[in-house]
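Residue-level structure breakdown
The lines below spell out each chain.
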Amino acid sequence: MANEKSVIDEWSVRDLEDGSSLTITAVSCTELGNQSQPGIQVYYMGNIINYEPLIVERWAYQASKTGVDEYLLEDQSWMVHQDQFVKNYLVLGSPLKAKVEVKTRSSKVISREYALPFEV
């Protein structure tokens, strides 16, 4: 069976300082990762984050070690500036969720969450 992708959500946050915008796209996939299980991909600024069972299980374990319910994926986020960023999280609970927070210089923090189609 071929991987079928469908766009769950696509949104942008404009920066009125220079007219640019940060665009986020969340995509549902029927086969993702080494086990070919359903998952979610998040696209932003040329980066792709795969929320698939194997890596999410590792992130959930790391979150439990640090005692947080929202685990910031530092190596999967763009946080070069304090006043503009794209932060990606794994939100623990049932269901597990992918969370994206976006801020531009002229906007407030805007976030969206997407339920993952699996449990670990």
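Residues numbered from 1 in each chain as written. Predicted model: local features only at pLDDT ≥ 70, side-chain atom pairs only at ≥ 80, totals over all residues. Heavy atoms only, no water.

A few words on the overall build of the chain. When you go through the chain residue by residue, the secondary structure sums to 1 helix and 8 strands. Starting at the N terminus and walking to the C terminus, you meet the elements of the chain as β-β-β-β-α-β-β-β-β. Computed over the C-alpha atoms, the radius of gyration of the chain is 15 Å, within 12% of the 14 Å expected from 2.2 N^0.38 for a compact globule of 120 residues. Counting only C-alpha atoms and orienting by the principal axes, one finds that the chain spans roughly 45 × 35 × 20 Å. Pairs at least 24 residues apart make up 37% of the contacts formed inside the chain by residues separated by at least 6 positions. Counting 11 positive and 17 negative side-chain charges, the chain places the centres of these two groups 5 Å from one another. (Helix = DSSP H or I, 4+ residues; strand = E, 2+ residues; numbered from the N terminus. Rg over C-alpha atoms; globule rule 2.2 N^0.38 Å. Contact = heavy atoms within 4.5 Å. Lys, Arg positive; Asp, Glu negative; His and termini not counted. Charge placed at Lys NZ, Arg CZ, Asp CG, Glu CD.)

Quick look at the pairing of strand 3 (residues 37-44) now. Where strand 2 (residues 21-32) and strand 3 come together, 7 bridges link them in antiparallel fashion. Bridging across to strand 3, L32 finds its partner in Q37. Taking the residues between adjacent antiparallel strands as the criterion, strand 2 and strand 3 are bridged by 4 residues, where G33 takes a positive phi near 85°. Where strand 3 meets strand 4 (residues 47-51), 5 bridges bridge the pair, whose relative direction is antiparallel. Bridge pairing in strand 4 places Y44 opposite N47. In textbook terms, the turn of a hairpin is the stretch between consecutive antiparallel strands, and for strand 3 and strand 4 this stretch comprises 2 residues, one of which, M45, has a positive phi near 45°. (Pairing = 2+ DSSP bridges.)

Within the structure shown, the criterion is met by 1 aromatic pair. With 5.6 Å between their ring centres and 75° between their planes, Y51 and W59 make a pair best called edge-to-face. Assessed through its relative accessible area of 0%, Y51 is described here as buried. Accessibility expressed as a relative area gives 8% for W59, which makes it buried. (Phe/Tyr/Trp six-rings, centres within 6.5 Å; stacked < 30°, edge-to-face > 60°. Buried < 20%, exposed > 50% of the residue type's maximum accessible area, 1.4 Å probe, protein only.)

One broad trend across soluble globular proteins is that nonpolar side chains are buried collectively. Membership of the largest hydrophobic core comes to 26 residues, with the highest contact counts inside it found for I24, Y51, V56, W59, V100, V102 and L116. Of all the elements in the fold, those that place two or more residues in this core are strand 1 (5-14), strand 2, strand 3, strand 4, helix 1 (53-66), strand 6 (85-91) and strand 7 (97-103). Among the elements that line this core, the one with the most residues is helix 1, at 5 residues. Once you skip the residues sitting within four places of it in the chain, V102 turns out to touch W11, V13, L22, I24, F85, V86, K108, V109 and I110. (Core = buried A, V, L, I, M, F, W, Y, C linked by side-chain atoms within 4.5 Å.)

Right, let's get into helix 1. Over its 14 residues, helix 1 runs 20 Å from end to end, which matches the ideal 20 Å to within 8%, given 1.5 Å per residue. Here helix 1 has its buried residues at P53, I55, V56, W59, A60 and A63. All buried residues of helix 1 fall inside an arc of 160° around its axis, so they share one side. Across helix 1 from its buried face, at more than 90 degrees, point the exposed residues R58, Y61 and K65. Buried residues belonging to helix 1 abut strand 3, strand 4, strand 5 (70-72) and strand 6. One side-chain oxygen at the N-terminal end of helix 1 lies 3.0 Å from the backbone nitrogen of L54; it belongs to E52. Following helix 1 by one or two positions, G67 adopts a phi angle in the positive range, close to 75°. (Expected span 1.5 Å × (residues − 1). Arc of directions from axis to C-beta. Polar contact = N/O pair within 3.5 Å; in protein donor to acceptor, adjacent residues only side chain to side chain.)

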